[in-house]
Amino acid sequence: MKKVLVVGNWKSNKTIAEGIEWVVDFGKIFNPDKARGCQVVLCVPFTHLFPLKERIEQLKTPLELGAQDASPFPEGAFTGEVSGRMIAEVAEWVLVGHSERRKYLLETEEELVFEVEQAKTAGLQVLYCVSDSITNIPYGADVVGYEPIGAIGSGQAESPTRANLVCGEIKKKSRVETVLYGGSVTPENVAQFIKQESIGGVLVGGVSLKVADFIELIYAAA
Ligand code: PGA
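My aim in this report is to walk through the structure given alongside it, one point at a time.

Each value, and the rule that gives it
- Residues numbered from 1 in each chain as written.
- Predicted model: local features only at pLDDT ≥ 70, side-chain atom pairs only at ≥ 80, totals over all residues.
- Heavy atoms only, no water.
- Helix = DSSP H or I, 4+ residues; strand = E, 2+ residues; numbered from the N terminus.
- Rg over C-alpha atoms; globule rule 2.2 N^0.38 Å.
- Lys, Arg positive; Asp, Glu negative; His and termini not counted.
- Charge placed at Lys NZ, Arg CZ, Asp CG, Glu CD.
- Expected span 1.5 Å × (residues − 1).
- Bend = angle between axes of the 7 residues up to and from the residue.
- Buried < 20%, exposed > 50% of the residue type's maximum accessible area, 1.4 Å probe, protein only.
- Salt bridge = Lys/Arg side-chain N within 4 Å of Asp/Glu carboxyl O.
- Pairing = 2+ DSSP bridges.
- Axes fitted to C-alpha atoms, helices over the stretch in contact; angles between N-to-C directions.
- Contact = heavy atoms within 4.5 Å.
- Near = heavy atom within 4 Å.
- Polar contact = N/O pair within 3.5 Å; in protein donor to acceptor, adjacent residues only side chain to side chain.
- Areas by Shrake-Rupley, 256 points an atom, 1.4 Å probe, with all protein chains shown as cover.
- Nonpolar A, V, L, I, M, F, W, Y, C, P; charged D, E, K, R; others polar.
- Phe/Tyr/Trp six-rings, centres within 6.5 Å; stacked < 30°, edge-to-face > 60°.

Helices and strands together make up the secondary structure of the chain, namely eight helices and eight strands. Here the C-alpha atoms of the chain give a radius of gyration of 16 Å, agreeing with the 17 Å that 2.2 N^0.38 yields for 222 residues. Projecting the C-alpha coordinates of the chain onto the three principal axes gives extents of approximately 45 × 40 × 30 Å. One way to put it: in the chain the 22 positive side-chain charges average out to a point 6 Å from where the 29 negative ones average out.

This paragraph deals with helix H2 (residues 46–59). Given a rise of 1.5 Å per residue, 14 residues ought to cover 20 Å, and the 21 Å separating the end C-alpha atoms of H2 matches this to within 8%. Along H2, the sharpest kink reaches roughly 25°, centred on leucine 52. Taken together, the buried positions of H2 are His48, Leu49, Pro51, Leu52 and Ile56. Lysine 60 lies just past H2 and shows a positive phi near 50°.

Let us now look at the pattern of salt bridges. Close approach of charged atoms allows side chains with opposite charge to pair. Enumeration over the complete set of coordinates arrives at nine salt bridges. Here glutamate 100 and lysine 11 are joined by a salt bridge, their closest N and O atoms 2.8 Å apart. With glutamate 100 in helix H4 (residues 99–104) and lysine 11 in the loop between strand S1 (4–9) and helix H1 (16–29), this pair connects stretches of sequence that are 89 residues apart. Of the charged contacts, one joins glutamate 107 and arginine 101 as a salt bridge, the two residues approaching to 2.9 Å between their closest N and O atoms. When its relative accessible area of 8% is taken as the criterion, glutamate 107 is described as buried. A relative accessible area of 24% places arginine 101 in the partly exposed class.

Okay, the sheet that holds strand S5 (residues 125–130) next. The strand order around the closed barrel formed by eight strands is S1-S2-S3-S4-S5-S6-S7-S8, and the pairing between neighbours is parallel. Across the sheet, the mean angle separating the axes of adjacent strands is 25° when strand polarity is ignored. This element, helix H5 (residues 109–121), spans strand S4 (93–96) and S5 of the sheet and lies at about 160° to S5.

On to the site of the ligand. For the ligand, the set of nearby residues contains 13 residues, the closest of which are Lys11, His98, Glu147, Gly153 and Ser184. Glycine 205 has a polar backbone atom sitting 2.8 Å from an oxygen atom of the ligand. Here the ligand has 280 Å² of accessible area as a free molecule, and 94% of this is covered by the chains. Tallied by class, residues from the shell around the ligand come to four nonpolar, seven polar and two charged.

Throughout the structure, instances matching the rule amount to eight aromatic pairs. Consider the rings of tryptophan 10 and tryptophan 22, whose centres lie 5.2 Å apart with planes at 75°: the pair is edge-to-face. Of this pair, tryptophan 10 sits in the loop between S1 and H1 while tryptophan 22 is found in helix H1, placing the two residues twelve residues apart along the sequence. An identical accessibility class is assigned to tryptophan 10 and tryptophan 22; each is buried. Consider the rings of tryptophan 22 and phenylalanine 214, whose centres lie 5.9 Å apart with planes at 45°: the pair is tilted. Here phenylalanine 214 lies in helix H8 (residues 211–221) and tryptophan 22 lies in helix H1, a separation of 192 residues in the sequence.

Right under this line is the structure:
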């Protein structure tokens with residue numbers, strides 16, 4: 001059976017109370033038997049990591065947590081930064097290089113290399129995002145997320161065969177074993193992506209905000 005990674009990315013959405021409600025509902029509705037072979041990671045805002053970790057442990061919910069960014073700096077005099085060591089206390093994963101951060105926060109390739117380095121030093125698993133097969137993938141990335149910009153949040157997912165082709169190129173070039181597709185993935189189209197040889201899972205934005213829809217997507221992926 002193919003092992004599938006499903007990663008939800010809440011982006012800058014939900015209060016802590018809303019996040020806790022989502023996790024509690026997930027615990028009530030989710031049936032692990034229907035999701036066999038799926039590993040599920042949830043990337044949430046920094047402020048949500050600790051309370052959600054507590055709730056996930058308490059309810060024994062099969063979810064792993066991730067942050068949505070890592071500081072390129074070690075611990076020290078870097079006001080406003082959250083270091084890899086701090087993240088590692090409350091999460092197993094970190095998203096690095098999401099196209100929204102490259103666009104709005106002007107994160108550069110050079111900075112992203114340091115982010116990966118710091119995250120790896122802290123023992124985090126790195127999901128590194130790119131929007132094509134030519135962008136550099138720093139040493140240390142554990143999983144790559146391929147997200148064509150026009151497909152993100154647009155309802156216009158890329159064709160599964162085209163996504164497979166690009167994910168294959170990324171795999172070959174980076175030697176990273178797991179490459180995810182992201183961009184308007186839904187419960188209806190997810191299976192078409194998972195069926196592709198070079199696609200090891202999906203990165204999901206909008207649909208991860210509604211717990212019932214996200215669970216439906218996980219079942220369809222499984
Ligand atoms: P989307 O976002 O699923 O809403 O298209 C994907 C992402 O940006 O990770």
